[in-house]
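Residue strings, one per chain:
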Amino acid sequence: MTWTETNNALHAEFTFGDFTEAFAFMTRVAFAAEAAGHHPEWTNVYNRVRISLSTHDAGNTVTDKDHALAAAIDKLYAGHE
Ligand SMILES: C[C@H](O)[C@H](O)[C@H]1CNC2=NC(N)=NC(=O)C2=N1
C-alpha cells in the first residue's frame, strides 16, 4: 500500500469487498495498534478505511513508530483475503 506523508502524518486508503471485510481489518489493526501502544486516526465508510498515522507524543510528527505501524497494517491488508 502506498502511504503518503502530508501535514505531518502518513496517510493511506484501503478498500474491501464490503463493510464486514473492512471492519474485520479494522479489528485486526486495533489489536496490532494496542500491542504496539501506538494508535491510528481513521475513518470508515462502508468498504473504505482511511488511516492517518502520527505520533502525538512527539508533537504530532511522523516517527519510526508510525512507519512500523504502517508496515504492520500493510501486512494485515495483504493477508485479508
Ligand atoms: C501512554 C501511551 O502509550 C501513549 O499515550 C501512546 C498511545 N498511543 C499513541 N498513538 C499515537 N498515534 N501517538 C502517540 O503518541 C501515542 N501515544
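The structure this text deals with has already been given above.
First, a word on scope: everything that follows refers to the structure included in this document. In this text, all values refer to a predicted model and were calculated from it rather than measured experimentally. (Residues numbered from 1 in each chain as written. Predicted model: local features only at pLDDT ≥ 70, side-chain atom pairs only at ≥ 80, totals over all residues. Heavy atoms only, no water.)

With that settled, consider the side chain of Ser54. For Ser54, the position within the fold is in the loop between β4 (48-53) and α2 (64-78). Since its relative accessible area comes to 12%, Ser54 is described here as buried. Among residues more than four places away in sequence, those in contact with Ser54 are Asn8, Ala9, His38, Asn60, Thr61 and Asp66. (Helix = DSSP H or I, 4+ residues; strand = E, 2+ residues; numbered from the N terminus. Buried < 20%, exposed > 50% of the residue type's maximum accessible area, 1.4 Å probe, protein only. Contact = heavy atoms within 4.5 Å.)

Our next topic: the nonpolar core. Counting 16 residues, the largest nonpolar core has Trp3, Phe14, Phe25, Ile51, Leu53 and Ile73 as the members making the most contacts within it. Apart from residues lying up to four places away in sequence, Leu53 is in contact with Trp3, Ala9, Leu10, Pro40, Val62, Asp66, Leu69, Ala70 and Ile73. (Core = buried A, V, L, I, M, F, W, Y, C linked by side-chain atoms within 4.5 Å.)

The subject of this paragraph is the sheet that holds strand β2 (residues 9-15). Within a sheet, each strand pairs with its neighbour through backbone hydrogen bonds, oriented either parallel or antiparallel. Strand order in the open sheet formed by four strands is β1-β2-β4-β3, and the pairing between neighbours is antiparallel. What marks the edges here is a single partner per strand, and that holds for β1 (4-6) and β3 (41-45). When strand polarity is set aside, the average angle formed by the axes of neighbouring strands in this sheet is 20°. Note: β2 against β4, six bridges, orientation antiparallel. (Pairing = 2+ DSSP bridges. Axes fitted to C-alpha atoms, helices over the stretch in contact; angles between N-to-C directions.)

On to the site of the ligand, then. Contacts to the ligand come from Gly37, His38, His39, Ser54, Thr55, His56 and Asp57. Measuring from a nitrogen atom of the ligand, one finds a backbone N or O atom of Gly37 at 3.3 Å. In the environment of the ligand, a nitrogen atom lies 2.8 Å from a nitrogen or oxygen atom belonging to the side chain of His39. Along the lines of polarity and charge, the residues of the shell around the ligand split into no nonpolar, six polar and one charged. (Near = heavy atom within 4 Å. Polar contact = N/O pair within 3.5 Å; in protein donor to acceptor, adjacent residues only side chain to side chain. Nonpolar A, V, L, I, M, F, W, Y, C, P; charged D, E, K, R; others polar.)

That is the geometry; function is a separate question.
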